[in-house]
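# Observations on chain architecture
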Amino acid sequence: MTKHKHQHDHNEPHHHHDATSEHESGTSPADVTEAEFLKKHPTFLSQQSRRAFLASAGAAAAVGGNFAVSFLRGDKAEAKSETLMAADMIRDAKKLHVLKATPETCFWGYFDKTQPPVMTVDPGDIVYIEALTHHAGDAPDLLMDAGVKAVYDKVLDRGPGVHIMTGPISVRGAEPGDTLMVRILKTEPRLPYGSNIAAHWGYLYDTFKKERITIYKIDMEAALAYPAFAYDFKGRPKYDKPGFVTAPDAASREKIKMKVSIPLRPHFGVMGVAPQESGRINSIPPGPFGGNIDNWRIGAGATMYYPVFNKGANFFVGDSHMAQGDAELAGTAIEASMNSYIQIFVLKDFPITNPILETDSHWITHGFNQDLNKAMRQAADQMLDFLTTKRKMSADEAYSMISVGVDFGVTQVVDIRQGCHAAVPKNLFVPK
């Protein structure tokens, strides 16, 4: 995340906030010059990132789908060269879709492989997508605008989970057995506030025996969040109703005694594809399809890989966060609505069984289980598989390297199915 000042609001005409592509709306980016495009996106990262952003559907045809994962198989210079070549070759394509979070494009609290897609894109396309927090009711005067309120008012089919998802997005050509590759290009908060609740599902609830909400002020220019005020939740016996709205009450909002500043880590807590199982699935536990992984590293500059279980993949996002620590100990992060630019690819020769995260410096595998020990074992098994099948190491060599060079962490302990992750640094591999 860059530390630029937020220079445009959510009513700017260039976003065309509906579930259409700019091709379909009659304002194709191909009709404007690059300079005009960049003028409309004044905060968009670096020049290299702009070039990646302009890359779209022609990339796979230009250099083959493998360019997207060439860094997994080759050296960094070669990967960079291929990626920039792809961006140059398809610069004129500029296929940008806009998916606004509305009552028609959001679903709440569940995953279901029969959920109909609200948009269809080609591999390599860019999607500007909005994600809404299910904690906007904690301070509706600060966390809700008209668009958020519309979803709260009109999406009444909720549960058994709690998260608001935007999508699904069908990707042409995605088939079971493929891998969906999702690059997060940019993120920005929708509103300058977020909520954290020390909840009844939090790890130390038995110590505190209450639920307390802390509202954070987001300073994008400084890339920091500051606690603004807090209050004890008393609207229900427990915070157990998705989308519960607490009316603002100045008398109950307590000032924060200790001044702290939290570095922003904007990311999606929930992101993934339609699950393999039939029926409505709770949005809280993560799984092989992704979902509520709650890894704070799934932010701008990162790439997620998901196994595809259904035709079209049916990709979705939700549960956006501005900051979170590993474990998400109290039950939540700084929950805040967020807008993002993402780019989606379909990989035909990169089979996986569990979500994999790639950052500039690491590859990260995940494990999920109600037993944290078993989640740890799954993360380790996934890392061993990654190193032997994708990096072509022997099992013995990989096992040794994992022990001496790979870091394991507790992703979260509050989502029913707990999570662990294993992170291997890319610089462990000596270039040929």
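Conventions adopted
- Residues numbered from 1 in each chain as written.
- Predicted model: local features only at pLDDT ≥ 70, side-chain atom pairs only at ≥ 80, totals over all residues.
- Heavy atoms only, no water.
- Salt bridge = Lys/Arg side-chain N within 4 Å of Asp/Glu carboxyl O.
- Helix = DSSP H or I, 4+ residues; strand = E, 2+ residues; numbered from the N terminus.
- Pairing = 2+ DSSP bridges.
- Core = buried A, V, L, I, M, F, W, Y, C linked by side-chain atoms within 4.5 Å.
- Buried < 20%, exposed > 50% of the residue type's maximum accessible area, 1.4 Å probe, protein only.
- Contact = heavy atoms within 4.5 Å.
- Phe/Tyr/Trp six-rings, centres within 6.5 Å; stacked < 30°, edge-to-face > 60°.
- Lys NZ or Arg CZ within 6 Å of the ring centre and 35° of its normal.
- Arc of directions from axis to C-beta.
- Axes fitted to C-alpha atoms, helices over the stretch in contact; angles between N-to-C directions.
- Parallel < 35°, antiparallel > 145°, perpendicular 65-115°, else oblique.
- Left-handed = near helix turned anticlockwise from the far one by under 90°.
- Polar contact = N/O pair within 3.5 Å; in protein donor to acceptor, adjacent residues only side chain to side chain.
- pLDDT = per-residue confidence, 0-100.

Our focus in this paragraph is the pattern of salt bridges. According to the stated counting rule, one finds 18 salt bridges in the structure shown. The partner of R172 in a salt bridge is D122, and the shortest N-O contact between them spans 3.2 Å. Of this pair, R172 sits in the loop between β7 (164-171) and β8 (179-189) while D122 sits in the loop between β5 (119-121) and β6 (126-131); the two residues are 50 residues apart in sequence, bridging distant segments of the chain. R212 is the salt-bridge partner of E254, the closest N and O atoms lying 2.9 Å from each other.

Inspection of the sheet shows strand β10 (residues 212-219) paired to strand β11 (residues 224-232) by eight bridges, in the antiparallel sense. Counterpart to I218 in the pairing with β11 is A225. In this structure, β11 lies alongside strand β13 (residues 262-263), joined through two bridges in antiparallel fashion. The partner of A225 across the bridge, within β13, is I262. The pairing of β11 with strand β12 (residues 254-255) spans two bridges and is classified as antiparallel.

Moving on, we come to the nonpolar core. Of all hydrophobic cores here, the largest spans 49 residues; its most connected members are F111, V127, I169, L180, M271, F315 and I342. Tallying contributions element by element places strand β19 (residues 338-347) first for this core, with four residues. The residues contacting L180, other than those within four sequence positions of it, are V171, V273, M304, Y305, Y306, V308, A313, F315, I344, F345 and V346.

Moving on, we come to the packing of aromatic side chains. Tallied over the entire structure, the rule returns 12 aromatic pairs. Summarising the aromatic geometry, the rings of W108 and Y152 are spaced 5.1 Å apart at their centres and angled 70° between planes, so their arrangement reads as edge-to-face. With a gap of 44 residues between them, W108 in strand β3 (residues 106-108) and Y152 in helix α7 (residues 146-154) connect regions that are remote in the sequence. Residue W108 shares its accessibility class with Y152, and that shared class is buried. An aromatic cluster is built from F107, Y110, F111, F289 and F316, whose rings are joined through pairwise contacts. Taking NZ or CZ as reference, R280 lies 3.7 Å from the ring centre of Y110, over its face.

Another point: the pairing of β19. Across the 10 residues of β19, 10 count as buried, placing the element largely inside the fold. Here β6 pairs with β19 via six bridges, running antiparallel. Looking across to β19, one finds that E130 is bridged to N339. The pairing of β8 with β19 spans 10 bridges and is antiparallel. Counted as the bridge partner of R183 is Q343 from β19.

To continue, consider helix α10 (residues 395-405). For α10, the set of buried residues is A398, M401, I402 and G405. Considered in projection along α10, the buried side chains sweep an arc of 105° and stay on one side of the axis. The exposed set on the far side of α10, more than 90 degrees from its buried face, consists of D396, Y399, S403 and V404. Where α10 is buried, its residues meet α9 (372-390), β22 (407-412) and β23 (418-425).

Going from G159 to P160, the amide bond is cis rather than trans, its omega being 15°. The topology assignment puts P160 in the loop between α7 and β7. Cis rather than trans, the peptide bond between G167 and P168 has omega equal to 0°. With a phi close to 60°, D294 is a non-glycine residue in the positive phi region. If you trace the backbone, D294 turns up in the loop between β16 (290-292) and β17 (303-307). Classification of D294 by relative accessible area gives buried; the value is 1%.

Time to look at the environment of V127. The topology assignment puts V127 in strand β6. Along the primary structure V127 and S340 are separated by 213 residues, whereas in three dimensions their C-alpha atoms are 8.1 Å apart. Apart from the residues within four sequence positions on either side, V127 is in contact with H97, L99, M119, V121, I169, S340, Y341 and I342.

Moving on, we come to the packing of α9 against α10. Orientation of α9 relative to α10, taken along the N-to-C sense of each, is 130°, at an axis distance of 9 Å. Judged by the inter-axis angle, α9 sits oblique to α10. Along this stretch, α9 crosses α10, giving a crossing that reads as right-handed. Contacts between α9 and α10 involve M383, L384, L387 and T388 from the first element and A395, A398, Y399, M401 and I402 from the second.

Take D125: it is sitting in the loop between β5 and β6. On the basis of relative accessible area, D125 is assigned to the buried category, the value being 0%. Among the polar contacts listed, one links the side chain of D125 to the side chain of H97, at a separation of 2.7 Å.

Glancing now at the confidence of the model for the protein chain. Averaged over all residues, the pLDDT of the protein chain is 85; the fraction at 70 or higher stands at 78%. This model gives residues 1-35 a pLDDT under 50, and the stretch forms 78 contacts once residues within four places in sequence are excluded. Of the regions scoring below 50 in pLDDT, residues 85-93 engages in 21 contacts with residues more than four places distant in sequence or in other chains.

Let us look at the side chain of S320. You can see S320 is positioned in strand β18 (residues 315-321). Of the residues examined, S320 reaches a relative accessible area of 0% and is grouped as buried. Polar contacts involving the side chain of S320 include one to the main-chain amide nitrogen of M338, which spans 3.4 Å. Ignoring any residue separated from it by four or fewer positions in sequence, one finds S320 in contact with A131, L132, H267, F268, G269, I334, E335, A336, S337 and M338.

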